[in-house]
Every structure is written in structure tokens, then in C-alpha cells.
Amino acid sequence: MDALITTETGHTASVLPLSTTPAPSYLHFFLEYQDNSVIVDHYNYTGKLKNRCEGLKPESIAFLVVCLLIVLENAVVLIAIWRNKKFHLPMYYLLGNLTLSDLLAGITYMANIIMSGPNSLKLTPLLWFIREGGVFITLAASVISLLAIAIERHVTMVTMRPYHGAKKGRMWALIGGSWALSGFLGVLPILGWNCMHRLEQCSTVLPLYSKSYILFCVSVFSAVLLAIVVLYVRVFRIVRNNTQRQRQAFSGSVRKGLARKSQKYIALLKTVTIVLGVFIACWMPLFILLLLDFFCPTGSCNLLYKADYFLGVAIVNSLLNPIIYTLTSKDMRRAILRLLCRPCLMTRDGQVKKLGMPFLECSFSKTEVASQKLETGLDTTISSGNVATSPSPIKALYPKVFKS
């Protein structure tokens, strides 16, 4: 209500009272994210200030070395894909996306290690969210890229035809979707899903993250793992059923060729087993730790203060992904060897020198190019990131596919 005052001339005038409304919420939001004392309060509440040492710990230095290897290894693979036109294909683009996410994961985790320890208390909440969110987004992109590759392999096997020019939209949708979902999950805390000023809801592993957010992320990644398992199981069953159908439909010399072909789905099963085994071995310990973080009261579980080891194991997955998904391809091995040291490792006719290493000593065939198509009568079996092709009478088994 306005106040009335009388002036010296006898006139009355109204005076508006001073505004008592609070500052805009966005300004308050910004000021909170610049308050360094928030970091100290949260770390003190969760007990992470205890036993804090100055400088980098020996295990942190070891993780830095691993991250450096991750960056170098994935950089080599990316350069090999970029320099070789035969790899400018949708499946290799998906592998390149996985390689890029792993490379960025190595870089962001290196930055995270350097900014951790005593440097954590020097950060504002905004910088803390950026530090942790960077690692989270790149690791999430790596995991979701594995799902994108599994989806592509499954779709290719179900439709029984590789990519055409008009089908590249699916590849870009998978790549864009993987980064969009990763970015969305990573920015949720900075947008408000955190525990600032709600200490009882805070995670011990990540003191500014809400326990409910941690549980949500574990649920999402568990669903991704389950989807990868289901898709690869279906891919394996399709390959096995196709092989059995061909055995029953043909006889004589053709059947002998199909007998050799039956070994392909066994190789596929081995590859899938390695893929899922490494993924579970690297990520499951961290998933279990984060679930323990959700259910365990603050300060009562000492194992939660060893989270760096569990995250380091998960990072190792980014070191192994290029080996599993690309270096098992003979064409990729050849490209990488040429890139690293062609005179040292390869002969003039393009063969690998005998070095006493079975992994490197392999013959290379032009028929392993992934661009070979089913329309020419070639049966496609997707194994370790490349498309292996061999002549087969598959047109007789799927006549409608090739007429359409």
C-alpha cells in the first residue's frame, strides 16, 4: 500500500514503498554456482575431506598413463579411418564415433584427475559440475555407442541388406542420438538435479550429485547393457538359423562350402562373448558401487571412498574398445600398420612381415572390403566391426528381399 506524505507546500503525495521481493531466481541460481564454500560443505559432510593428501597419488599417476594410452590408441584408429576411403562406410563411421567418444573420455578423465584432490576445494560448483559432467558425457557416449553398433548390426542382419545411399540417415540418427542422450544425461545435475543445500540427499562418491540421480543413471546404463545383450543374442541366432537353413536347402559341393561357413557364427559368438564380457567386467564394479552409494547412509561405507579405482576400471573399457571393435579387422590392422611404420612392419607387396606375433601375421584379402553388397549374391556376417563376405546362394533363400 502506498504511503502518504505532506510536503512543505501543504500538498500530499504518495510514495511507493521499497520493493521487498527477492532477487530473480536465475541470479540466485548463478550466485550459488559461484560459491566456493558449497564444495567445502559437501565434501566435509560426506567425509571426503578426511585422509586427503596433497598432490597426485601413485594410482592417479597410473590412471594418467592409461588415459594417455587411450588418447594415443584411439587417435591412431581415427586417423586410419579418416585416411582410408574403404572405411568411409556407415559401420566404420559408427566405429569412428565410438573411437571418438573413447578418445574424449581419456582427455576428460585426465583433466578430472588433474583437477581433483586438493584442487577440488578450489573449484566453484559450476566448475565442479563441468569437470564431472565432461567425464560423464563422454563415458555415456562410449556406452551408448556400443548400443548404436549393436542396433546397426541387428538391423542389417534382419533386413539382409547393407546400406544404400538413402539409408545413411539411420547411421547419422544413431550417432546424433547417442550424443544427444549422453549430453542430456550429463547436464541434468547442472540444470538442477543436484543436492545443493540438501546434504542428506547427497552421494558420497560425487558429493554434489543427488542419490536419486545416481540411481537413475545406473538404471539407464543397466538398460543399455540389457539391450546390447538382447540384440547380440538375436544377431547370433539369425546367423545360426541362416546357416542351418542353407545346409538343408543345398547338397553336394555347395554343402561342403556351407560347412566351412558354419564356423563364422562360432567366430561371431566368440566376438560377442568378448564384447559383452569386457563391457561387464569394466562397468559392473562401478554400477555395484553406485548402487551401494544409493542405499548406504552417508559415512557408513568405507568402500565408497575408493571410487577412483572403480572409475579407473571403467575407463579401461575405452582402452579395450578399439582392440575389440577395430583391430580384429584385418583391413583395419593393415591400415594401422601402414600408418605407424610401413617399412618396419610390411613388405613391398603389402604383406605383414613375419615377426613371431600371430596377431600381426595375417594375410589380407580384397574380398574383406565392407562395401561388397548382398545384391551380388554375397552372404553377410557381421562380426567384429567389419563385414565379412563370402559367395553364397542366399538369393535362393531370400528371393523376396532381392526382388524388392
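See the structure above.
What counts and what doesn't
- Within any chain, residue numbers begin from 1 and follow the written order of that chain's sequence.
- Where local features are concerned, this predicted model is filtered to residues with pLDDT of at least 70; where side-chain atom pairs are given and counted, the filter is 80 or more; whole-chain, interface and lining totals use all residues.
- As a rule here, side-chain values come from all non-hydrogen atoms in the structure, and water together with hydrogens is ignored.
- By salt bridge we mean one thing: a side-chain nitrogen of Lys or Arg within 4 Å of a carboxyl oxygen of Asp or Glu.
- When a residue's accessible area, from a 1.4 Å probe over protein chains only, is under 20% of the maximum for its type it is buried; when over 50% it is exposed; and in between it is partly exposed.
- In this description a helix means any DSSP run of H or I spanning at least four residues, a strand means any run of E spanning at least two, and both kinds are numbered starting from the N terminus.
- The rule for a disulfide is simple: a pair of cysteine sulfur atoms within 2.5 Å.
- Every patch collects residues that have over 30% relative accessible area and no salt bridge, joining them within 9 Å if they carry like charges and within 5 Å if they are nonpolar side chains (Val, Leu, Ile, Met, Phe, Trp, Tyr).
- A 1.4 Å probe and the Shrake-Rupley method give the accessible areas. Residues count as covered only by the protein chains that appear here.
- Nonpolar cores are built from buried Ala, Val, Leu, Ile, Met, Phe, Trp, Tyr and Cys residues. Side-chain atoms within 4.5 Å join them into one set.
- Residues count as neighbours in contact if any of their non-hydrogen atoms are within 4.5 Å of one another.
- Centres within 6.5 Å are what make two rings of Phe, Tyr or Trp a pair, Trp counting through its six-membered ring; a difference in plane orientation under 30 degrees is then read as stacked, over 60 as edge-to-face, and the rest as tilted.

**Student:** I keep staring at the pattern of salt bridges and nothing clicks. Help me out?
**Tutor:** Side-chain pairs of opposite charge can arise where the charged atoms are in close proximity. Applying the stated rule across the entire model yields two salt bridges. One salt bridge connects Glu132 with Arg131, and the closest N-O pair in it is separated by 2.6 Å. Here Glu132 matches Arg131 in class, with each residue buried. The shortest N-O distance in the salt bridge between Arg170 and Glu152 comes to 3.2 Å. Pair noted here: Arg170 is in helix 6 (residues 168-187) and Glu152 is in helix 5 (residues 125-159), with a separation of 18 residues, a long-range link. Take Arg170: its relative accessible area is 29%, and that puts it in the partly exposed class. Here Glu152 falls in the buried class, since its relative accessible area comes to 2%.

**Student:** Is there a simple way to think about the state of the cysteines in this case?
**Tutor:** Throughout this description, disulfide means a covalent bond between two cysteine sulfur atoms. The full count for this structure, using the stated rule, is two disulfides. The disulfide partner of Cys195 is Cys202, and the gap between their sulfur atoms is 2.1 Å. Taking the sign of the S-S torsion, 105° for the link of Cys195 and Cys202, the bridge is right-handed. Across the pair, Cys202 and Cys195 agree in class, each one buried. Two residues share a disulfide in this structure: Cys296 and Cys301, whose sulfurs sit 1.6 Å from each other. Handedness of the Cys296-Cys301 disulfide follows from its S-S torsion of about 95°: it is right-handed. For the pair Cys296 and Cys301, one class covers both residues: buried.

**Student:** Mind showing me how you'd approach a nonpolar patch on the surface here?
**Tutor:** On the surface, Leu56, Ile61, Val65 and Leu69 cluster together to form a nonpolar patch covering roughly 350 Å² of accessible area. The topology assignment puts Ile61 in helix 3 (residues 58-83). Overall, the relative accessible area of 44% leaves Ile61 in the partly exposed class.

**Student:** How do you make sense of the nonpolar core when you look at a structure like this?
**Tutor:** Residues Tyr109, Trp128, Ile149, Tyr232, Trp283 and Tyr325 are the most contacted members of the largest nonpolar core, which totals 79 residues. By residue number, the principal contributor to this core is helix 5, which donates twelve residues.

**Student:** Sorry, what's going on with the side chain of His42 here?
**Tutor:** Position of His42 among the secondary structure elements: in helix 2 (residues 37-46). Residue His42 is classed as buried on the basis of its relative accessible area, which comes to 3%. Beyond its immediate chain neighbours, meaning those up to four positions away, His42 contacts Cys195, Met196, His197, Leu199, Cys202, Pro207 and Leu208.

**Student:** How should I be thinking about the packing of aromatic side chains in this particular structure?
**Tutor:** For any pair of aromatic rings, the description consists of the separation of the ring centres together with the inter-plane angle of the planes. Taken as a whole, this structure holds 17 aromatic pairs when the rule is applied. When the ring of Phe129 is compared with that of Tyr209, the centres are 6.1 Å apart and the planes differ by 10°; the resulting orientation is stacked. Of this pair, Phe129 sits in helix 5 while Tyr209 sits in the loop between helix 6 and helix 7 (211-249), and the two are 80 residues apart along the sequence. Phe129 sits in the buried class, given a relative accessible area of 3%. Relative to Phe287, the ring of Trp283 has its centre 5.9 Å away and its plane inclined at 40°; by these criteria the two rings are tilted. Residue Trp283 and its partner Phe287 are both found in helix 8 (residues 253-295); the two are separated by four residues, about one turn of the helix. Judged by its relative accessible area of 4%, Trp283 falls in the buried class. Here Phe287 falls in the buried class, since its relative accessible area comes to 3%.

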